[in-house]
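Examination of the molecular architecture
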Amino acid sequence: MTLTLEKIVGPMLSAALPELTGGAATAGGFLEREIKALAARTWDIAEGVRKQDFDLDTAKVLLAMQVNLAVAALAVTTNFAKAAIEKAIAAALKAGLGVIEAALGLVLPFAI
């Protein structure tokens, strides 16, 4: 078997793509749920002020808490993305190694 860059890159990309798309779906789904919850809580705060259930100082504290929750949600989403990228890299390296091993006719002593 003649080893070319195309013979290595194709399987690597094919192995990485499902990890990236799966990770994107996970991160996107999580962030979508968090944004909807944030919007609902913000609406509830506005309604509380409108109905005079609490004063503006309390509303400011509650809104500051929402900002912190939004920052935390973005941090979690970032970690989901990092995990997906790590899985994609590992899958790509494993696939590339498989192609190289097949071309050489032996198993290389690398653990991926």
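Just above, that's the structure.
What comes next is a walk through the structure. It should be emphasised that the depicted structure is a prediction, and the values quoted were computed from it without experimental measurement.

Conventions used here
Residues numbered from 1 in each chain as written. Predicted model: local features only at pLDDT ≥ 70, side-chain atom pairs only at ≥ 80, totals over all residues. Heavy atoms only, no water. Helix = DSSP H or I, 4+ residues; strand = E, 2+ residues; numbered from the N terminus. Buried < 20%, exposed > 50% of the residue type's maximum accessible area, 1.4 Å probe, protein only. Contact = heavy atoms within 4.5 Å. Lys, Arg positive; Asp, Glu negative; His and termini not counted. Charge placed at Lys NZ, Arg CZ, Asp CG, Glu CD. Expected span 1.5 Å × (residues − 1).

1. What about the overall build of the chain?
Check the secondary structure of the chain and you find two helices and zero strands. Taken over 112 residues, the chain has a buried fraction of 19%. Pairs at least 24 residues apart make up 68% of the contacts formed inside the chain by residues separated by at least 6 positions. Across the chain, the mean location of the 10 positive side-chain charges is 3 Å away from that of the 11 negative side-chain charges.

2. As for the environment of aspartate 57
You can see aspartate 57 is positioned in helix H2 (residues 56–104). A relative accessible area of 52% places aspartate 57 in the exposed class. Considered as a pair, aspartate 57 and isoleucine 8 are 49 residues apart in the sequence and their alpha carbons are 61 Å apart.

3. Here's the deal with the environment of leucine 31
Structurally, leucine 31 can be placed in helix H1 (residues 5–50). Discounting chain neighbours no more than four positions away, the residues touching leucine 31 are Ala73, Leu74 and Thr77.

4. A look at the side chain of glutamine 66
Relative to the helices and strands, glutamine 66 resides in helix H2. Residues contacting glutamine 66, with those up to four places away along its chain left out, are Leu38, Arg41, Thr42 and Ile45.

5. Here's the deal with unusual backbone geometry
Working note: non-glycine residues mostly have negative phi, and peptide bonds are mostly trans. Phi angles above zero are rare outside glycine, and glutamine 52 is one such case at about 60°. Tracing the chain through its elements places glutamine 52 in the loop between H1 and H2. Overall, the relative accessible area of 70% leaves glutamine 52 in the exposed class.

6. A closer look at H1
The terminal C-alpha atoms of H1, which comprises 46 residues, lie 65 Å apart, in line with the 68 Å expected from a rise of 1.5 Å per residue. For H1, the full list of buried residues reads Ile8, Ala16, Gly23, Ala27, Phe30, Ile45, Glu47 and Gly48. Those residues of H1 that are buried lie in contact with H2. Of the residues trailing H1, glutamine 52 is marked for its positive phi of about 60°.

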